[in-house]
Amino acid sequence: MTAATIFALASAPGRAGIAVVRVSGPDAARAITALGCAAPVPRRAMRAKFHDAAGTLIDDGLVLWFPAPHSFTGEDVAELHIHGGRAVIAHLSDTLCALPGVRPAEAGEFTRRAFEHGKLDLTQAEALADLIDAETRAQQRQALRQMGGALKELYDDWRHRLVQALAHLEAVIDFPDEDLPQNIATRLWDEVTDLRADISRHLDDNQRGERTREGVHVAIIGPPNAGKSSLLNALVRRDAAIVSDTPGTTRDVIEVHLDLGGYAVTIADTAGLRDAGDAIEDEGIRRARKRAREADLKIALFDGAQFPLLDAATHALRDAKTLAVVNKADLIRDAKSFDERDGLHFISVKTGFGVAEFLRALETRVREESDAGTGAPLSRARHRVALEECRDSLDRAKAAPLPELAAEDLRLAARALGRLTGRVDVDEILDVVFRDFCIGK
Ligand SMILES: Nc1nc2c(ncn2[C@@H]2O[C@H](COP(=O)(O)OP(=O)(O)OP(=O)(O)O)[C@@H](O)[C@H]2O)c(=O)[nH]1
Ligand SMILES: [Mg+2]
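Residues numbered from 1 in each chain as written. Chains lettered and ligands numbered in written order. Predicted model: local features only at pLDDT ≥ 70, side-chain atom pairs only at ≥ 80, totals over all residues. Heavy atoms only, no water.

## Description of the pairing of strand β10 (residues 297–303)
Burial of β10 is extensive: seven of the seven residues sit out of reach of the surface. By the alternation rule, side chains of β10 split into Leu297, Ile299, Leu301 and Asp303 and Lys298, Ala300 and Phe302, which are all buried. Direction of pairing for strand β7 (residues 216–221) relative to β10: parallel, over a ladder of four bridges. Along β10, the bridge assignment pairs Val218 with Leu297. For β10 and strand β11 (residues 322–327), the ladder comprises six bridges, and the chain directions are parallel. Bridge pairing links Asp303 to Asn327 in β11. (Buried < 20%, exposed > 50% of the residue type's maximum accessible area, 1.4 Å probe, protein only. Helix = DSSP H or I, 4+ residues; strand = E, 2+ residues; numbered from the N terminus. Pairing = 2+ DSSP bridges.)

## Some remarks on the domain arrangement of the chain
Split into domains, the chain comes out as domain 1 (5–116), domain 2 (137–206 + 379–436) and domain 3 (216–369). Taking only C-alpha atoms into account, the centre of domain 2 sits 46 Å from that of domain 3. Each partner contributes to the interface: domain 2 provides five residues, whereas domain 3 provides five residues. Both sides of the domain 2 and domain 3 interface together cover about 340 Å² of buried area, and 37% of this is carbon and sulfur. Summed over the shared surface of domain 2 and domain 3, the result is zero salt bridges. Taken together, the links from domain 2 to domain 3 amount to three residue pairs in polar contact (both at pLDDT 80 or more). (Domains from an automatic or database assignment. Contact = heavy atoms within 4.5 Å. Buried area = accessible area lost by both parts, 1.4 Å probe. Salt bridge = Lys/Arg side-chain N within 4 Å of Asp/Glu carboxyl O. Polar contact = N/O pair within 3.5 Å; in protein donor to acceptor, adjacent residues only side chain to side chain.)

## Let's talk about the packing of aromatic side chains
Applying the stated rule across the entire model yields two aromatic pairs. Consider the rings of Tyr155 and Trp158, whose centres lie 5.7 Å apart with planes at 45 degrees: the pair is tilted. On the criterion of helical spacing, the pair formed by Tyr155 and Trp158 is a turn pair, its members being three residues apart in helix α6 (residues 150–174). Across the pair, exposure class does not vary: Tyr155 and Trp158 are buried alike. A ring pair is formed by Phe307 and Phe346, whose centres lie 5.2 Å apart and whose planes are at 90 degrees; its orientation type is edge-to-face. Here Phe307, found in the loop between β10 and α11 (312–315), pairs with Phe346, found in strand β12 (residues 344–346); they are 39 residues apart in sequence, far enough to count as distant. Stacked on the ring of Phe110, the Lys or Arg Arg22 has its end atom at 4.7 Å from the ring centre. (Phe/Tyr/Trp six-rings, centres within 6.5 Å; stacked < 30°, edge-to-face > 60°. Lys NZ or Arg CZ within 6 Å of the ring centre and 35° of its normal.)

Below, the structure is given as structure tokens:
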């Protein structure tokens, strides 16, 4: 059965200057002819008047023709540029839908076809989705790098090395009496050990890629009335959280998203830490502590009205992932206190004192938690799971009592890598065997 020809609005829905409708599949050429367009020159924007079956004008626009296989999907693709009005888009969609063999595309179907035609692998397809969702520069950068094949090349290379090692092991098993190169077993296990080390290093990246993609989680914690909600509002420049001089104002976790120096950050304002004795506030404080535990970074906010006293419960939560800040610096008379003592940042949300410097420090920490800007960090939990499975299989292979069992584990390891890029085939193992050693003649 031949594939259906699919079409969809490729630009965002709604009113716009221009809308782009993409058509892909074996009937794409017939579809544009049916719309009344002359045969277009490949990859050239051509002026076109689109008509429906009754000959009524739909719109005056452009058509771009990408014949297979040199198109995004690998099939014949036409891009129809029309005016972005609802009536025009609906008229064109209805006309296309009425053509035989043509139907609306399902979600992700163009990319799926591109994958099926080998135009991109799974990591590139994921990167394309990430690029469309990217809201910050760092997310954009990471998605572009991955779309360019950074992860694909890395995983394909590992898989190639593994398949090679497996082929050599199969040779040792199947042809023990043949004239195999010397030390072949030692060499293949050295290669497996090296590969395992490479995978471990990649996994052990402190989840930078995932953080860039999903955002760095920052929790603001501190005693009641320190100005946590005021700081949150200042960061997002709007009244996201209620501020009042009543201690215990914030009870639930309040989350806001912001772009900090190009990095996606989720900041959580939490209930002030104290022995409240009030069931609702206690629950809020339990949530605050939970959020503090789960956060990538913490801002421990102390109340400058109490300074030099630092709240003990907050102080106890300070660790390497904490930026310690004293707010209400405007109430501190002794300006000498502001010397960077104890790693404390002094700010006043009220007057703006020290806030810009603190933001820069926060930005630096967020950058450190995210993608370092080079290399190809793994960006999804799916990658992590598959790589951990691969590493476990390699460990089992190394510990296996029989070469046959080791080979099975290496096969599982290769399959885990194959799942990452969406390529799982076994014939190539045989190919390598016969290319490397002319066994059996
Ligand atoms: N003088 C001074 N007052 C401030 C400053 N920042 C906040 N405040 C005041 O401190 C009080 C408490 O502020 P909030 O932001 O509600 O404090 P919070 O830490 O969220 O308090 P809880 O939600 O109760 O835990 C409010 O009256 C703010 O106006 C500051 O820099 N200087
Ligand atoms: Mg608050």
